[in-house]
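The lines below spell out each chain.
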Amino acid sequence: MSAVVAVFGFLFGCAIGSFLNVVIYRVPYGRSLVSPGSACPHCGVAIKPWHNVPVLGWLLIGGKCANAACRQPVSGRYPAVELAMGLAVSGLAWYFGPTVDLLVWSVFAALLMVIFWIDIDHRWILDVTSYPGLALGLFYQWSRGDLLHGALAAGFGFGFFWAVRKVAQVVFHKDGLGAGDERFAAMLGAWLLMPAMAVGMFLSFLVGSIVGLGMLIQRGSSRPYPFGPSMAVGAVIALIWGQAIWTWYLGWMV
Ligand SMILES: [Zn+2]
C-alpha cells in the first residue's frame, strides 16, 4: 500500500516540480503563470507537450532545444527541480500515507523549493511566499492544538535573524542578512517547532559557512551570497534528523 502511494507521490511531485519551474521563472517578474505557454528562451519556439513531460521530456531532447535551428542547451535545473519534488512528495507520501498531512507538507516543500531558487536567482525572498508559508504553518499547528508552540518558534526564528542583522549593521556596518531572511525564519519556525527550529538554524549557519568558504576558494572573493538556500537546506535536515541531533547534543553536553 505505502509503496503504491509513494509511486503516485513521485509522479505527482514531478508534475508539481514542473509547475514550480514556471513559478520560479516567472513570478519574480510578475508574469502570468498560464500564458503564454512554455517556449525556448533563445529561439522563442513553443515547447511541444511531450517535451514538457517532467524529467523524461528533458532527457528526450537531450538537454537541448528541440528546434533544429536552435539546439541551445536547456538548463539541467528544470529536471533537477522536478526530480527533487518527485522524491520529496514520494517520501512524504511514504511517511504520511494519503492524508491531509501529505497535502500540507507537500505545499511546504513546494514553498521551500520556490524560495530556494528565487533567492539564488534574484537574492530575494518574496513575501508572497514567506507570508502564506507562515500563515499555513500556524494554521497547521492550530489544527493540531499546537498554535502557541508554533508562534513561539516563529517568533524565535524571526527575533534571532533580526538580532543578527542588527548586530552586523552596528559592528560591520553592512547587511549580511536581509529582512526577507527574518520572515522566512518565522515561517520555518512555525513548521519545525522547537527544538528542531534551533537545530535548523544552527545547520543553516553551518551550511552557509561551507558555501561561503567554497565560493572564497573558487572565486577568491567573499562576495555576499543569498542565505535563504542554506536556511532551506538546514530546515530539511532538521525536519528529518532534528530530534536525533538535539538528543545527541544534549547527551554530549552533560
Ligand atoms: Zn530554442
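Conventions we followed
- Positions within a chain are numbered from 1, following the residues in the order the chain's sequence is written.
- Per-residue local features of the predicted model are confined to residues with pLDDT of at least 70, and side-chain atom pairs are confined, for both listing and counting, to 80 or more; whole-chain, interface and lining totals are unaffected and use all residues.
- With hydrogens and water excluded, all non-hydrogen atoms of the structure serve as input to the side-chain values.
- Under the scheme used here, helices are H or I runs from DSSP no shorter than 4 residues and strands are E runs no shorter than 2 residues, and both carry numbers assigned from the N terminus.
- The globule rule is 2.2 Å times the number of residues to the power 0.38, and the radius of gyration it is compared with is taken over C-alpha atoms.
- Each residue gets one of three labels from its accessible area relative to the maximum for its type: buried under 20%, exposed over 50%, partly exposed in between, using a 1.4 Å probe on protein chains only.
- Per-residue and other accessible areas follow the Shrake-Rupley method at a 1.4 Å probe size, with only the shown protein chains counted as cover for residues.
- When charges are counted, neither His nor the chain ends are considered; positive counts come from Lys and Arg and negative counts from Asp and Glu.
- In plain terms, the charge of a residue is placed at NZ if it is Lys, CZ if Arg, CG if Asp and CD if Glu.
- Think of a nonpolar core as a cluster: buried Ala, Val, Leu, Ile, Met, Phe, Trp, Tyr and Cys residues, connected wherever their side-chain atoms sit within 4.5 Å.
- Domain ranges listed in this record stem from an automatic or a database domain assignment.
- Note on contacts: a residue pair qualifies if any of its non-hydrogen atoms lie within 4.5 Å across the two residues.
- For any pair of parts, buried area is found by adding up, for both, the accessible area (1.4 Å probe) each one loses once the two are put together.
- A carboxyl oxygen of Asp or Glu within 4 Å of a side-chain nitrogen of Lys or Arg is what we treat as a salt bridge.
- Each metal's donors are the N, O and S atoms found within 2.8 Å of it, except that Na, K and Ca use a 3.2 Å limit; water is left out, so coordination can look incomplete.
- Under the classification used here, a metal with four donors is tetrahedral if each angle lies between 85 and 135 degrees, square planar if opposite donors are over 155 degrees apart and the others between 65 and 115, a six-donor metal meeting that same test is octahedral, and anything else is irregular.
- Side-chain rings of Phe, Tyr and Trp, where Trp is taken by its six-membered ring, are said to pair if the distance between their centres is within 6.5 Å; with planes under 30 degrees apart they count as stacked, over 60 as edge-to-face, and otherwise as tilted.
- Per-residue confidence from the predictor is reported as pLDDT, a score between 0 and 100.
- Expected span of a helix: the number of residues minus one, times 1.5 Å.

Chemist: Tell me about the overall build of the protein chain, and name the residues and values.
Modeler: The number of helices and strands found in the protein chain is nine helices and zero strands. Reading the protein chain from its N terminus to its C terminus gives the helix and strand order α-α-α-α-α-α-α-α-α. Taken against the 2.2 N^0.38 rule, which gives 18 Å for 254 residues, the C-alpha radius of gyration of the protein chain at 20 Å falls within 12% of a compact globule. Projecting the C-alpha coordinates of the protein chain onto the three principal axes gives extents of approximately 65 × 50 × 35 Å. Looking at the protein chain as a whole, 40% of its 254 residues qualify as buried. By element, 72% of the accessible surface of the protein chain is carried by carbon and sulfur atoms, the whole surface being about 14,100 Å². Computed over 14 positive and 9 negative side-chain charges, the inter-centroid distance for the protein chain is 12 Å.

Chemist: I'd like a description of the nonpolar core, backed by residues and values.
Modeler: Core analysis: the biggest nonpolar cluster contains 48 residues, and Met 85, Phe 108, Phe 184, Met 187, Leu 188, Trp 191 and Leu 192 have the highest contact counts within it. Listing elements by their share of this core, those giving two or more residues are helix H1 (2-26), helix H3 (77-96), helix H4 (100-122), helix H5 (127-143), helix H6 (147-172), helix H7 (179-192), helix H8 (196-219) and helix H9 (228-253). Per element, the largest residue contribution to this core is 13 residues, and it comes from H4. When residues are assigned to domains, this core turns out to be shared by domain 1 (1-98) and domain 2 (99-254), each giving three or more. Each residue touching Leu 188, except ones within four places of it in the same chain, is listed here: Phe 108, Leu 112, Leu 193, Met 197, Met 231 and Ala 235.

Chemist: Explain the domain arrangement of the protein chain residue by residue, including any values.
Modeler: The domain boundaries assigned to the protein chain delineate domain 1 (1-98) and domain 2 (99-254). Measuring from the centre of the C-alpha atoms in domain 1 to the corresponding centre in domain 2 gives 25 Å. Domain 1 puts 17 residues into the contact, and the matching count from domain 2 is 15 residues. Here domain 1 and domain 2 share an interface that buries about 1,500 Å² over both sides, 80% of which is from carbon and sulfur atoms.

Chemist: Help me get a handle on the pattern of salt bridges, residues and values and all.
Modeler: As enumerated under the stated definition, the model contains three salt bridges in all. The salt bridge involving Arg 165 is made with Glu 182; its shortest N-O contact spans 2.4 Å. Remark: Glu 182 occurs in helix H7 and Arg 165 occurs in helix H6; sequence separation between them is 17 residues. Each member of the pair, Arg 165 as well as Glu 182, is classed as buried.

Chemist: Describe the coordination of the zinc ion, and please don't skip the residues or the numbers.
Modeler: Cys 40 (SG), Cys 43 (SG), Cys 65 (SG) and Cys 70 (SG) make up the full set of protein donors to the zinc ion, lying at 2.3 Å. Geometry at the zinc ion is tetrahedral, judged from the four donor atoms that bind it and their angles of 106 to 117° at the metal. Considered as a linear motif, the donors of the zinc ion on their single chain read C-x2-C-x21-C-x4-C. Taken together, the positions of Cys 43 in the loop between H1 and helix H2 (56-60) and Cys 70 in the loop between H2 and H3 put the pair 27 residues apart, joining distant regions of the chain. On the basis of relative accessible area, Cys 43 is assigned to the partly exposed category, the value being 32%.

Chemist: Tell me about the side chain of Ser 230, and name the residues and values.
Modeler: Within the fold, Ser 230 resides in helix H9. For Ser 230, the residues in contact, after removing those within four places along its chain, are Ser 204, Val 207 and Gly 208.

Chemist: Which residues make up the packing of aromatic side chains, and what are the values?
Modeler: Applying the stated criterion to the full structure yields 17 aromatic pairs. Judged by centre distance (5.4 Å) and plane angle (80°), the rings of Trp 105 and Phe 108 are edge-to-face. With Trp 105 and Phe 108 both in helix H4 and three residues apart, the pair spans about one turn of that helix. As far as the burial class goes, Trp 105 and Phe 108 line up, both buried. Pairwise contacts between aromatic rings join Phe 156, Phe 160, Phe 161, Phe 205 and Phe 227 into one cluster.

Chemist: Any details on the confidence of the model for the protein chain? Residues and values, ideally.
Modeler: Here the protein chain averages 90 in pLDDT, and 97% of its residues register 70 or above. Averaged pLDDT values for the elements of the protein chain fall to 89 in H8 and rise to 96 in H3.

Chemist: Go over H6, please, and point to the residues and values.
Modeler: Over its 26 residues, H6 runs 37 Å from end to end, which matches the ideal 38 Å to within 8%, given 1.5 Å per residue. For H6, every residue scored as buried is listed here: Gly 150, Ala 153, Ala 154, Gly 157, Phe 161, Arg 165 and Ala 168. Buried residues along H6 sit in contact with H5, H7, H8 and H9. Residue His 173 follows H6 closely and has a positive phi angle near 55°.

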